Amino acid sequence: GDWSSDVCSSDLSFPDAPALAQVHDNSSIDNMTYNAVRLLCSFGSPAQSAAIPVVAGTSVPLVRHLASASNIHGADGLGGVEGLVDRSDPQVKAKLEQALKCNAVIAIADACRALADGETMTLVATGAFTNVALFVSIFPELARQKLDSIVCMGGAEGRGNKSPVAEVRPSF
């Protein structure tokens, strides 16, 4: 796909993001990737749905056991949300097949390599940080040269969902 200056390593999909690299988090990597494709195809314009790549990421954490949040987000990771396009939609089927053939860490590296000299990008992590950790570990020079920032979702002021002061992602 055509990469822009931002990559979102996510547990959910943002239809205006230039690329969506999925990660285990609220559910299995298969569900998270399927959900990203469904959300993109349901809410993105036809042009966005066609242009924005979705890639599957890591399926397990690096150092701890996988723990899903099915008690909060349902077995599918979206709490049983209805009305989204599903696997019977040809665009969803094709996009999901393509997403499952890709690797998010390699896709992030490829996005960095595609940038012109002097250009940088922002990596946005809204799910578990495993894809980000692997990318920075495997491609440290690309991370130093091509990432201007890594933005993550997390933290809390007295109302965390993991503890009184922590959101679940940074507490791993």
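Before any of the text, the structure's been laid out above.
Residues numbered from 1 in each chain as written. Predicted model: local features only at pLDDT ≥ 70, side-chain atom pairs only at ≥ 80, totals over all residues. Heavy atoms only, no water.

### So, the overall build of the protein
Link 1 in the chain: Regarding its fold elements, the protein presents seven helices and five strands.
Link 2 in the chain: When the helices and strands of the protein are placed in sequence order, the string is β-β-α-α-β-α-α-α-β-α-α-β.
Link 3 in the chain: Counting the 172 residues in the protein, one finds 42% classified as buried.
Link 4 in the chain: When contacts within the protein are restricted to residue pairs at least 6 apart in sequence, those whose partners lie at least 24 apart make up 72%. (Helix = DSSP H or I, 4+ residues; strand = E, 2+ residues; numbered from the N terminus. Buried < 20%, exposed > 50% of the residue type's maximum accessible area, 1.4 Å probe, protein only. Contact = heavy atoms within 4.5 Å.)

### Structural notes on the pattern of salt bridges
Opposite charge on two side chains permits pairing when their charged atoms draw close.
Link 1 in the chain: Counted according to the given criterion, the structure contains two salt bridges.
Link 2 in the chain: Among the ionic pairs, R144 bridges to E141, the shortest N-O distance being 2.5 Å. With R144 and E141 both in helix α7 (residues 140-146), this residue pair falls three residues apart, about one helical turn. (Salt bridge = Lys/Arg side-chain N within 4 Å of Asp/Glu carboxyl O.)

### Regarding the pairing of strand β4 (residues 121-125)
The side chains of a regular strand alternate, residue by residue, between the two faces of the sheet.
Link 1 in the chain: The buried fraction of β4 amounts to four of the five residues, a majority that puts the element mostly inside the structure.
Link 2 in the chain: Bridging between β4 and strand β5 (residues 147-152) involves five bridges; their strand directions are parallel. Directly across from T122, in β5, lies its bridge partner S149. (Pairing = 2+ DSSP bridges.)

### Details of helix α1 (residues 29-43)
Link 1 in the chain: Its 15 residues place the ends of α1 21 Å apart at the C-alpha level, agreeing with the 21 Å of an ideal helix rising 1.5 Å per residue.
Link 2 in the chain: Burial analysis of α1 places eleven of its 15 residues in the buried class, which makes it a mostly covered element. (Expected span 1.5 Å × (residues − 1).)

### Some remarks on the packing of α1 against helix α4 (residues 90-101)
Link 1 in the chain: At their nearest, the axes of α1 and α4 sit 10 Å apart, and the two run at 140° to each other. In terms of axis orientation, α1 runs oblique to α4. By crossing handedness, the relation of α1 to α4 is classed as right-handed. Each of D30, T33, Y34, V37, R38, L40 and C41 in α1 lies in contact with α4, whose residues at this interface are Q91, V92, K95, L96, A99 and L100. (Axes fitted to C-alpha atoms, helices over the stretch in contact; angles between N-to-C directions. Parallel < 35°, antiparallel > 145°, perpendicular 65-115°, else oblique. Left-handed = near helix turned anticlockwise from the far one by under 90°.)

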